[in-house]
Amino acid sequence: MKKVLISIVSLFIIGIIYIFSSGNTYLFKAWKNTYLSGSSKASIFDKEDFELATVSKGSTQEWQLSPTYNQKKLNTKITSELENQESVALLVFQKGKLDFEKYWGKGGINVTSNSFSMAKSVVSTLIGIAMKDNKIDNVFQPVTDFLPDFGKGLDKEKYFNHKLEIRHLLSMQAGLEWEEVYSKPSSTVRAYYGDDIKNQMLSLKVVKEPGSEYVYQSGATQLLAMILEKATGMTLAEYASQKLWKPLGARADATWHLEGSGEEIAFCCLNSTARDFARIGQLYLQKGKWNGQNLVPAPYIDIATQASNKKGNYGYQWWIESNYSKPFYYMQGFSGQYVAVIPDLDLVIVRLGEQTVDGQSLKIYVEEIIKMYS
C-alpha cells in the first residue's frame, strides 16, 4: 500500500512539473473547474468560474404568448428523452409568438446558461452587421487587413496565412493548425481555460489551402471576433449589446466568458436566457428585420444559412439540416444547446440542457414538434 501511495504521489509531482515546464498551466484551471468540482466536462452553469463581460440589454420587449400557449402536450416518449438528457429548457415559437415553454431542474424563465458554440452563430451575425455598417468591406477581405501580425514572418511557400479570407473563417474552411478536442490538452482547451488567447490566435499557422477543406475549428470564430474588435473599435460584448441585445429587446443582460487576459471567449460562452436565445433564431426567420428595423442584411442571412461545404451541413457558423420532413438550420452548442429555425412552419425551437442530444434523439423530438405544428 505504501509503495502504491508513493507511486501515485510521484506521478502527481511529475505531472505538475511537466505542466509547468510545458507552459500548460491552464490545465490547473481546467481540472479545478471540472474534475475537482465533481464533473468530467464544462457545465452550462460554469459562468461562476470565469470573469464576465456584460452584454447589456435596453428596453425589454416581452414575447407575445400565442392563444394556445402551453396547451399542446409532448408525448411520453419525447418527454422521457428530454428528461433523460437532463434538459433544462424547451421552447417553441410560431409566427413570432411563444406557444410552448417547459423547464426542468435548474432551468427557468430568468435563468441564464452557457450557449457554448451557439455563440459562433452570434459572432457570424455580428460580421454581417459590421458589413452593413461598412466596418468590413465584404467576406472576401483578407484577415491580414485587420490582423497584420497574423502569419507575420512565416514562409509563404509553406503556410497560407496571407491567403486566409473572412469567408474561410465563417465556413470553417480556414485550414488552421488547430486541434478541436475537449477531453485532453488541445488548442480548444487552451483557448477556453488559458490567459493568452490573442497571442495563441495570432501565432496560428494556416497549413492547408484556405477553402480547400471543411474542418470545424473554434479558432476560426475567435479570429472573427478579433476582426470585429479591430473593425468596430468595440469589444465583442459591447458590439453585441449595441447591435443585437438592445434592438432585440432582450429580457435580461447576457454575459460573455472572459479568458485570463480579459478577452471574450468568442467561440463559445454567451450566457443568456432561453427566451433571449430564441430572439436570434426569430431574427433570422424574419430575414434580419426586427420591429421594422433592418438589423442584418437579408442577403447575408441567406448565405449564412446555405451549405458552404461539400457535405451540405454547414453555412456561415450555422448548421444545415435537410434530412428531416422539413428542412431547417440551427445554432448548436456542446451538450446539446440548440436554436433551430424551420422556415416552412414559421417555427423557432430552443432546447438547452446538460447532456448531449445525439442525432437520433434530436430527430425524434424535432420530428414530433414538426408534426405538432404542421
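Structure first, text after, so check above.
Cut-offs applied
Residues numbered from 1 in each chain as written. Predicted model: local features only at pLDDT ≥ 70, side-chain atom pairs only at ≥ 80, totals over all residues. Heavy atoms only, no water. Helix = DSSP H or I, 4+ residues; strand = E, 2+ residues; numbered from the N terminus. Contact = heavy atoms within 4.5 Å. Areas by Shrake-Rupley, 256 points an atom, 1.4 Å probe, with all protein chains shown as cover. Pairing = 2+ DSSP bridges. Buried < 20%, exposed > 50% of the residue type's maximum accessible area, 1.4 Å probe, protein only. Lys, Arg positive; Asp, Glu negative; His and termini not counted. Salt bridge = Lys/Arg side-chain N within 4 Å of Asp/Glu carboxyl O. Polar contact = N/O pair within 3.5 Å; in protein donor to acceptor, adjacent residues only side chain to side chain. Disulfide = S-S within 2.5 Å. Arc of directions from axis to C-beta. Axes fitted to C-alpha atoms, helices over the stretch in contact; angles between N-to-C directions. 1 Å grid on protein atoms, 1.4 Å probe; cavity = no way out; pocket = protein on both sides within 12 Å on 5 of 7 lines; lining within 4 Å. Points joined across faces, edges and corners; volume = space filled by probe spheres on them. Nonpolar A, V, L, I, M, F, W, Y, C, P; charged D, E, K, R; others polar.

**A few points about the overall build of the chain**
Across its full length, the chain holds 12 helices and 13 strands. Look at the contacts in the chain between residues 6 or more apart in sequence, and 70% of them connect residues 24 or more apart. When the accessible surface of the chain is totalled, it reaches about 16500 Å², and 51% of it is carbon and sulfur.

**Regarding the sheet that holds strand β13 (residues 347–353)**
Strand order in the open sheet formed by 7 strands is β2-β4-β3-β13-β12-β11-β10, and the pairing between neighbours is mixed. The outermost strands of the open sheet, each flanked by one partner alone, are β2 (64–65) and β10 (319–321). Bridge analysis of β2 against strand β4 (residues 97–103) gives 2 bridges, and the strand direction is parallel. Directly across from Gln64, in β4, lies its bridge partner Lys97.

**What to know about the environment of Gly312**
Position of Gly312 among the secondary structure elements: in the loop between α11 (298–304) and β10. For Gly312, a relative accessible area of 24% translates into the label partly exposed. Taking the C-alpha atoms as reference, Gly312 lies 8.5 Å from Ser322; in sequence the two are 10 residues apart. Each residue touching Gly312, except ones within four places of it in the same chain, is listed here: Ala307 and Ile320.

**Details of the side chain of Arg351**
When you line up the elements, Arg351 lands in strand β13. Glu86 is the oppositely charged side chain nearest to the buried, salt-bridge-free Arg351, at an N-O distance of 8.2 Å. There is a polar contact of 3.2 Å between the side chain of Arg351 and the backbone oxygen of Ser335. Only 2.6 Å separates the side chain of Arg351 from the backbone oxygen of Gly336, close enough to count as a polar contact. Residues contacting Arg351, with those up to four places away along its chain left out, are Leu82, Gln85, Glu86, Ser87, Ala89, Leu90, Ser335, Gly336, Gln337, Tyr338, Val357 and Tyr365.

**Side note on the state of the cysteines**
Working definition: the covalent bond between the sulfur atoms of two cysteines is a disulfide. The final tally for this structure, using the stated rule, is 1 disulfide. Bridging Cys268 to Cys269, the disulfide has an S-S length of 1.9 Å. Classification of the bridge connecting Cys268 and Cys269 rests on its S-S torsion, roughly -50 degrees, and on that basis the disulfide is left-handed. Judged by relative accessible area, which is 0%, Cys269 ranks as buried.

**Structural notes on helix α3 (residues 76–84)**
Residues of α3 that are buried: Ile78, Glu81 and Leu82. The arc that holds every buried residue of α3, seen down its axis, measures 95 degrees, which confines them to one face. Opposite the packed face of α3, turned more than 90 degrees from it, sit the exposed residues Thr76, Lys77 and Asn84. One side-chain oxygen at the N-terminal end of α3 lies 3.1 Å from the backbone nitrogen of Lys77; it belongs to Asn75. Just beyond α3, the residue with positive phi is Glu86, at close to 55 degrees.

**Here we look at the sheet that holds strand β6 (residues 254–258)**
An order of β1-β6-β7-β5 is seen for the 4 strands of this open sheet, with the pairing classed as antiparallel. Of all strands in the sheet, those with a lone pairing partner are β1 (51–55) and β5 (113–114), marking the two edges. Both β5 and strand β7 (residues 270–272) contribute to a ladder of 2 bridges, which runs antiparallel. Among the inter-strand pairings, Asn114 is bridged to a residue of β7, identified as Asn271. Where helix α9 (residues 236–245) meets the sheet, it contacts β1, β6 and β7, and its direction lies at approximately 25 degrees from that of β1.

**Some details on α9**
A turn of α-helix holds 3.6 residues, and therefore any two residues three or four places apart point the same way. With 7 of 10 residues buried, α9 is to be regarded as a mostly interior element. Inspection of α9 places Leu236, Ala237, Tyr239, Ala240, Ser241, Leu244 and Trp245 among the buried residues, and these make up the whole buried set.

**A few points about the side chain of Glu368**
Position of Glu368 relative to the elements: it lies in helix α12 (residues 359–373). Within the buried core, Glu368 has no salt-bridge partner, and the shortest N-O distance to an opposite charge, that of Lys371, equals 4.0 Å. Aside from chain neighbours lying at most four places away, what touches Glu368 is Asn75 and Ile78.

**Thoughts on the layout of surface pockets**
By volume, the second largest pocket is sized at about 160 Å³. Taken together, Gln61, Glu62, Trp63, Gln64, Lys95, Gly96, Lys97, Gln282, Gln286, Trp290 and Asn291 form the lining of the second largest pocket. Across the lining of the second largest pocket, the residue classes tally to 2 nonpolar, 6 polar and 3 charged.

Note that every value here comes from positions in space, so none of it alone points to a role or purpose.
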